[in-house]
Structures are given as C-alpha cells and as structure tokens.
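# Overview (structure and organization)
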Amino acid sequence: MPDNHLQFDCLIIGSGIAGLFLALKLAPHGTVALVTKKSSAESNTNYAQGGIAAVMSPDDSFEMHVRDTLAAGAGLCKEEVVRAIVEEGPARVAELMELGIRFSQRESPGGATELDLGREGGHSRRRILHAQDVTGRELERALLAAAEKQPGIRIFEDHIAIDLITTHKLGQTGPNRCLGAYVLEKGTGQVKVFAAKATGLATGGCGKVYLHTSNPDIATGDGVAMAYRAGVPVANMEFMQFHPTCLYHPKAKSFLISEAVRGEGGVLKTRAGGEFMDHYHPLKSLAPRDIVARAIDSEMKRSGAEHVYLDITSKPAPFIIHRFPNIYQTCLQFGIDITKEPIPVVPAAHYQCGGVVTTVDGETEVAGLYAVGEAACTGLHGANRLASNSLLEAVVCAHRAAQRLRLQTAPPLAAAIPPWQSGNAHNPDEMVVVSHLWEEIRRLMWDYVGIVRTDRRLQRALNRIANLQAEIQEYYWDFIVSAELLELRNIALVAELIVRCAMQRPESRGLHCNLDHPNADPAWAQRDTVLRKSSLGA
Ligand SMILES: Cc1cc2nc3c(=O)[nH]c(=O)nc-3n(C[C@H](O)[C@H](O)[C@H](O)COP(=O)(O)OP(=O)(O)OC[C@H]3O[C@@H](n4cnc5c(N)ncnc54)[C@H](O)[C@@H]3O)c2cc1C
C-alpha cells in the first residue's frame with residue numbers, strides 16, 4: 001500500500017465533543033483515525049461557556065425538559081428524538097464525570113456539596129451543568145486526555161478532509177457506501193486516502209459563513225458541504241441561530257457573552273439605559289434566543305445604534321467574578337469592568353440547527369457514513385435550539401452512533417481507491433483572491449440572509465453566490481488545493497444551501513424570519529426543508 005493510503009476501522013473527522021466522544025466509545029472495538037484541521041482542541045466545543053443541559057435535580061423532570069425543547073423548536077422538533085436525547089442525558093453526563101470532567105459544584109442549604117446547576121433562556125428549571133464559564137475548555141481538556149490514553153486512537157492534527165470517498169463517486173453501482181475520505185496534510189501539501197469501514201462526520205457548524213459570528217475559524221460547514229457533495233440529504237439550513245450577545249468591541253473578534261449572564265440577572269438595555277425586552281416577551285431578557293436577537297436587531301435599527309448593553313452590575317462584584325471569571329477577565333482586557341459598567345453587545349451567527357440528515361443514532365442515508373454533533377440534523381432542535389442542548393445532543397448521539405456502528409458488520413473495504421487528482425499549478429494571487437471572495441460571501445450573507453430576511457434579498461443572495469461559486473470552481477480545478485481554498489469552496493456551498501432552504505420555506509418560524517411571510521403557516525409545521533444534490537442533477 002502506498003504511504004499516503006491509510007486504513008482504519010473507523011475514520012472520524014473532527015475533534016470537538018462529538019468526534020472525541022465517538023472515538024472514545026469506539027476505541028475498545030477497533031482502530032480509529034481522528035483527523036482534525038487545526039490543533040486538536042480548536043473547535044466550537046472549546047469555546048462553549050454556558051454548559052450542558054440535563055435533568056439532574058429533583059424539582060426537574062424529563063417532561064419539563066422535553067416541553068422546553070419543543071417550545072423553543074417552534075413546531076419543528078421530532079418529539080421522539082427530543083425524548084430519546086433528554087432521557088439519556090443524565091447517563092451521558094455521568095460518563096463525562098467518570099472521564100474526569102469537573103463540573104462546578106456548590107454548597108447546598110443543608111451544607112452538602114451538590115452540582116451547581118445554572119439556568120438559561122427558555123429553560124423552566126435550573127439544569128445546566130457547567131465548569132464556571134469555561135465548560136467547553138474543560139470538556140476538551142478531559143476528552144483529549146482520555147483519547148490520548150487510548151492506543152486504538154490516532155489523532156492527525158492539521159489534516160483537513162477534502163471530500164468523502166463513496167462507491168458512487170468511484171463509479172460503482174448498487175447502494176451508495178462511504179469508504180473514507182481524501183485528506184490534505186496541511187504541512188506537506190500531500191493528499192492522503194483515509195480508508196475506513198465507517199466514517200463519522202463531527203465537523204461542527206458553519207458560523208463563519210456570516211460576517212459576525214461567535215464561532216472560531218474552524219466553523220466553515222465542511223461536513224455539511226462534503227456530505228451534500230456525496231449525495232447525502234441536508235436539511236433545515238435556514239435555521240441559523242444568532243446569539244443575541246457577542247461582545248461589541250473593535251478588537252474582540254468573536255467573544256461570546258454567555259446566556260448564563262442573563263440567567264443570573266443580567267438585563268438588556270438601550271444606550272440611553274432603558275430596559276426594552278418587556279416590549280417583546282413576558283420572559284424579558286430571558287426570552288428564547290431568537291426573540292432576544294430580533295429584539296436587539298430591531299432596537300438597533302430603530303435607534304441607529306451599533307450595539308445595545310447587557311447590565312449585570314446589580315449583582316455583587318465577588319459573585320460576578322467567581323461565576324464568570326473568563327467573561328470578566330476578557331472584558332477587562334478590553335477596558336470594560338463588568339462589575340461596574342454594562343457590556344456593549346451585538347447579535348452574531350452562533351449555531352447551525354440544520355445539517356446532514358441523520359437518525360438519532362447518527363446514521364445518514366449513505367451506508368457507512370455517520371454524522372454527529374452540530375454537523376447533524378437529528379430533529380432535536382427544530383426551528384430553534386434550546387440553549388445548552390447542543391453539547392447534550394453531541395454526547396447522546398455519539399454514544400448511540402457508536403453502539404449502532406458496533407452492531408453493524410461492514411463489508412471489507414474496496415481494494416482500489418484511486419489517489420487524489422487535482423490541478424498542479426501554484427497560483428501567486430490565490431491568497432488575495434481567496435480572502436476577497438471569503439469576505440464577500442460573509443458580508444453578503446450578513447446583509448441579505450441575516451436575522452431578518454425578505455424574498456428579494458434571498459433571490460439576490462442566491463444570484464451572487466452562483467457567480468462567486470463559478471469563480472471558486474475555476475480555482476479549485478486549476479490549482480493545487482490549500483486549506484483556505486477548500487474552506488472557501490465549502491462556505492460558498494453552505495451559503496447556497498442556507499439560501500435555498502430559506503427560499504423553500506414560505507413562512508416565518510423559529511429562527512427563520514421573512515418579512516414577506518411574517519407568520520407561521522400551520523401547513524409547514526413538522527415539515528423540513530430538505531436538499532439533496534442528485535435531485536437537482538447538480
Ligand atoms: C462561543 C460558543 C459558545 C457555546 N456555548 C454552548 C453552551 O454553553 N452549551 C451548548 O450546548 N452549546 C454551546 N455552543 C455550541 C456548541 O459548543 C457546539 O454546538 C458543539 O461544541 C459542537 O460540537 P461538535 O463536536 O459537533 O463540533 P466542534 O466542537 O465545532 O468540532 C468540530 C471539529 O471538526 C474539525 N473540522 C471541521 N472541518 C474539518 C475538516 N474539513 N477536516 C478536519 N477537521 C475538520 C474542527 O477542526 C473541530 O475539531 C457554543 C458555541 C460557541 C461557538
């Protein structure tokens with residue numbers, strides 16, 4: 001076998017919570033390759049602040065968690081999926097603790113130590129397990145440490161998956177099956193074949209499609225783009241959750257002010273200091289995220305202000321510093337003392353509710369291909385994700401996918417996967433062109449396909465994206481591939497999928513708000529917007 005042809009029982013793409021949990025579950029049963037495009041901790045997971053939702057207290061119940069999730073999802077969640085994920089939450093949380101994750105604790109009124117359960121918008125009970133305000137960092141630390149101890153797991157950092165390899169792509173007939181992926185080693189420029197009996201996409205979301213985002217640079221929707229190109233259905237991409245409160249500061253790239261700040265008493269205010277959320281929702285500042293984001297957008301448009309404020313100064317300074325050490329320190333670096341003054345905030349693209357269509361066990365329509373975590377669309381979130389349900393979904397679905405994978409006996413791998421073919425010219429202008437096109441797509445999506453949409457703006461966005469894609473394709477075929485070009489190609493495709501899903505839905509529901517169709521249409525409840533490549537012949 002040539003050097004650049006590697007073979008494993010399972011290939012996992014992505015080292016966030018979903019990929020790592022899946023790898024840990026599979027390691028005792030076979031060889032696992034975990035490829036990740038930057039350093040292994042760099043993921044959306046690493047930046048999660050609020051925590052993971054699970055029913056852990058006697059005054060809470062599965063029924064209440066299910067009800068809150070369904071209410072946020074605005075008529076589009078799959079109730080059986082919601083139930084399965086909510087009910088398995090406590091068992092998966094217990095496993096996370098066994099793996100060494102240290103969730104914050106507090107002293108109970110009786111003097112014993114208990115989990116410090118937080119409350120977030122849309123939750124009717126305190127049920128958020130957190131590690132102060134750096135939950136994601138703690139998850140990555142412990143999961144990576146556990147993965148490194150497993151001899152069956154090989155982690156390939158700075159390896160970016162380009163495309164999935166399927167039997168149909170190789171021209172074979174019969175049902176489509178995934179055989180692995182082509183992966184670019186960024187340091188050497190070599191494209192390797194990773195062949196595997198099963199492939200797990202755990203590539204996270206696509207916040208970088210938008211100009212303002214809470215997501216780190218890895219979030220370019222690669223998994224969704226790869227799956228779509230491989231003929232796997234993708235659904236509900238119009239439901240992009242905009243987090244209402246990202247720090248507004250010229251030097252703060254994408255720093256999130258967690259919803260937990262509002263959960264602990266933070267109040268949204270205009271520049272003049274007036275509270276405004278009581279005009280929009282009875283839960284005021286603790287209303288669901290979409291309502292808060294639209295309210296802020298509307299206040300900003302009405303007043304012409306570039307941001308609003310989030311004020312937690314009513315709480316004692318020691319409480320703020322202990323509960324939100326990361327937010328406190330980061331804001332202080334930008335000259336804002338949150339114990340004494342309100343925090344300037346704006347909404348930003350945050351979470352992709354749609355994605356690769358899967359069952360609750362992570363199975364896609366293509367045999368041997370699984371998707372878990374933010375890359376997948378299981379039906380849990382519907383038209384809007386309830387805060388802190390995404391980390392929960394990632395661990396529950398990774399666990400279920402691992403069980404499913406172990407039960408299946410995959411056929412032996414097709415012997416001959418051809419090596420990667422690409423253009424062989426270097427393009428001296430590439431970086432400037434790539435960064436220009438990248439900016440253009442992100443601004444276009446922000447302006448035309450943002451928090452509030454119209455039919456005309458969506459059509460305009462689609463036309464422009466088609467032109468940009470034609471230009472990108474030319475580069476893609478003629479020149480040697482680079483990580484930047486691959487990501488650009490993916491964000492352009494994901495932008496197109498978001499717009500096409502949005503155009504399919506002639507109503508406003510959950511996160512999708514279209515001024516030309518301002519109301520929810522009962523005929524569209526429980527209907528997903530599904531796109532698949534073959535149906536267009538594209
Ligand atoms: C600032 C912030 C705060 C959040 N807070 C919370 C919270 O409190 N609670 C909650 O439930 N959710 C929260 N979320 C959402 C949650 O963090 C994510 O949905 C979740 O972590 C996604 O996990 P994942 O494993 O699916 O993907 P990620 O953690 O994003 O991991 C994706 C991985 O895939 C890799 N990758 C991507 N493309 C490729 C490719 N082509 N080749 C190789 N590797 C690739 C990336 O490098 C990365 O390792 C937050 C998100 C952000 C951005």
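Each chain carries its own residue numbering, running from 1 in the written order of its sequence. Only residues with pLDDT of 70 or above have their local features reported here, since the model is predicted, and side-chain atom pairs are shown and tallied only from 80 upward, although totals for entire chains, interfaces and linings are computed over all residues. As a convention, hydrogens and water are excluded, and side-chain values are obtained from all of the structure's heavy atoms.

### Some words on the overall build of the protein chain
Strands here mean DSSP runs of E at least two residues long; helices mean DSSP runs of H or I at least four residues long; both are numbered from the N terminus. Each helix and strand in the protein chain was counted, giving 14 helices and 19 strands. For the radius of gyration, the atoms used are the C-alpha atoms, and the globule rule reads 2.2 Å times the number of residues raised to 0.38. Taken against the 2.2 N^0.38 rule, which gives 24 Å for 538 residues, the C-alpha radius of gyration of the protein chain at 22 Å falls within 12% of a compact globule. Summarising its shape, the C-alpha atoms of the protein chain cover approximately 65 × 55 × 50 Å along the three principal directions. The classification of residues rests on relative accessible area computed with a 1.4 Å probe and restricted to protein chains. Under 20% of the type maximum is buried, over 50% is exposed, and intermediate values are partly exposed. Evaluated residue by residue, the protein chain yields a buried proportion of 61% over its 538 residues. Put simply, 74% of the contacts in the protein chain that link residues at least 6 apart link residues at least 24 apart. For the accessible areas, the method is Shrake-Rupley and the probe is 1.4 Å, while residue cover comes only from the protein chains on display. When the accessible surface of the protein chain is split by element, carbon and sulfur atoms take 52% of a total near 20700 Å². In summary, the charge assignment counts Lys and Arg as positive and Asp and Glu as negative, without counting His or the chain termini. Charged side chains are reduced to one point each, which is NZ for Lys, CZ for Arg, CG for Asp and CD for Glu. The averaged location of the 60 negative side-chain charges in the protein chain is 1 Å from the averaged location of its 55 positive side-chain charges. Contacts between residues were defined by any pair of non-hydrogen atoms, one from each residue, lying within 4.5 Å.

### Notes on the site of the ligand
Around the ligand, a shell composed of 38 residues is seen, among which Thr45, Gly51, Asp222, Glu374 and Ser390 lie nearest. In the model, a nitrogen atom of the ligand is placed 3.4 Å from a nitrogen or oxygen of the glutamine 49 main chain. N or O atoms closer than or at 3.5 Å make up a polar contact, with two conditions inside protein: a donor-capable atom paired with an acceptor-capable one, and, for residues adjacent in sequence, both atoms drawn from side chains. A distance of 2.8 Å separates an oxygen atom of the ligand from a polar backbone atom of glycine 50. Calculation on the ligand without its partners gives an accessible area of 1000 Å², and the protein chains cover 99% of this total. When residues of the shell around the ligand are traced back to their parent elements, those giving at least two are helix 1 (17-26), strand 8 (159-166), strand 15 (343-352) and helix 10 (389-407). The near set for a molecule or strand comprises every residue that places at least one heavy atom within 4 Å of it.

### Observations concerning the packing of aromatic side chains
To pair, rings of Phe, Tyr and Trp, with the six-membered ring standing in for Trp, must have centres within 6.5 Å; the planes then decide the type, stacked if under 30 degrees apart, edge-to-face if over 60, and tilted in the middle. Evaluated as defined, the whole model comprises eight aromatic pairs. Taken together, a centroid distance of 6.5 Å and an interplanar angle of 80° make the contact between tyrosine 210 and tryptophan 446 edge-to-face. In this pair, tyrosine 210 sits in the loop between strand 10 (191-201) and helix 5 (222-229) while tryptophan 446 sits in helix 11 (residues 430-448), placing the two residues 236 residues apart along the sequence. Judged by relative accessible area, tyrosine 210 falls into the buried class, the value being 0%. On the numbers, 5.8 Å between centres and 65° between planes, the contact of phenylalanine 242 with tryptophan 446 is edge-to-face. A residue pair is termed long-range when its members are at least 10 positions apart, and phenylalanine 242 in strand 12 (residues 240-247) and tryptophan 446 in helix 11 qualify at 204 residues. When its relative accessible area of 3% is taken as the criterion, phenylalanine 242 is described as buried. Residue classification places tryptophan 446 among the partly exposed positions, given a relative accessible area of 21%. Grouping aromatic residues by their ring pairs yields a cluster made of Phe8, Phe156 and Phe194.

### As for the sheet that holds strand 16 (residues 355-357)
Strands were regarded as paired on the criterion that DSSP finds at least two bridges between them. Across the sheet, four strands lie side by side as 18-16-11-19; this open sheet has mixed pairing. Edge strands, defined here as strands with exactly one partner in the open sheet, are strand 18 (376-377) and strand 19 (530-531). As judged from the two bridges shared by strand 11 (residues 234-235) and strand 19, these two strands associate in the antiparallel manner. The residue of strand 19 that forms the bridge with alanine 235 is valine 530. Angular values range over 0 to 180 degrees, each being the angle between N-to-C directions of two axes fitted as lines to C-alpha atoms, with helices fitted over their stretch in contact. Packing against the sheet, helix 5 makes contact with strand 11, strand 16 and strand 19, and its axis sits at approximately 40° to strand 16.

### Quick word on the pattern of salt bridges
What counts as a salt bridge is simple: a side-chain nitrogen of Lys or Arg found within 4 Å of a carboxyl oxygen of Asp or Glu. Counting across every chain of the model gives 37 salt bridges. Here the residues in one salt-bridge network are Lys25, Glu88, Arg92, Glu95, Asp361, Glu363, Arg400 and Arg404, joined through shared partners.

### Structural notes on a negative patch on the surface
For patches, a residue must show more than 30% relative accessible area and have no salt bridge; joins then use 9 Å for like charges and 5 Å for nonpolar side chains, namely Val, Leu, Ile, Met, Phe, Trp and Tyr. Together, Glu440, Glu471, Glu474 and Asp478 line one region of the surface with negative charge. Tracing the backbone shows glutamate 440 in helix 11. Owing to a relative accessible area of 34%, glutamate 440 belongs among the partly exposed residues under this scheme.

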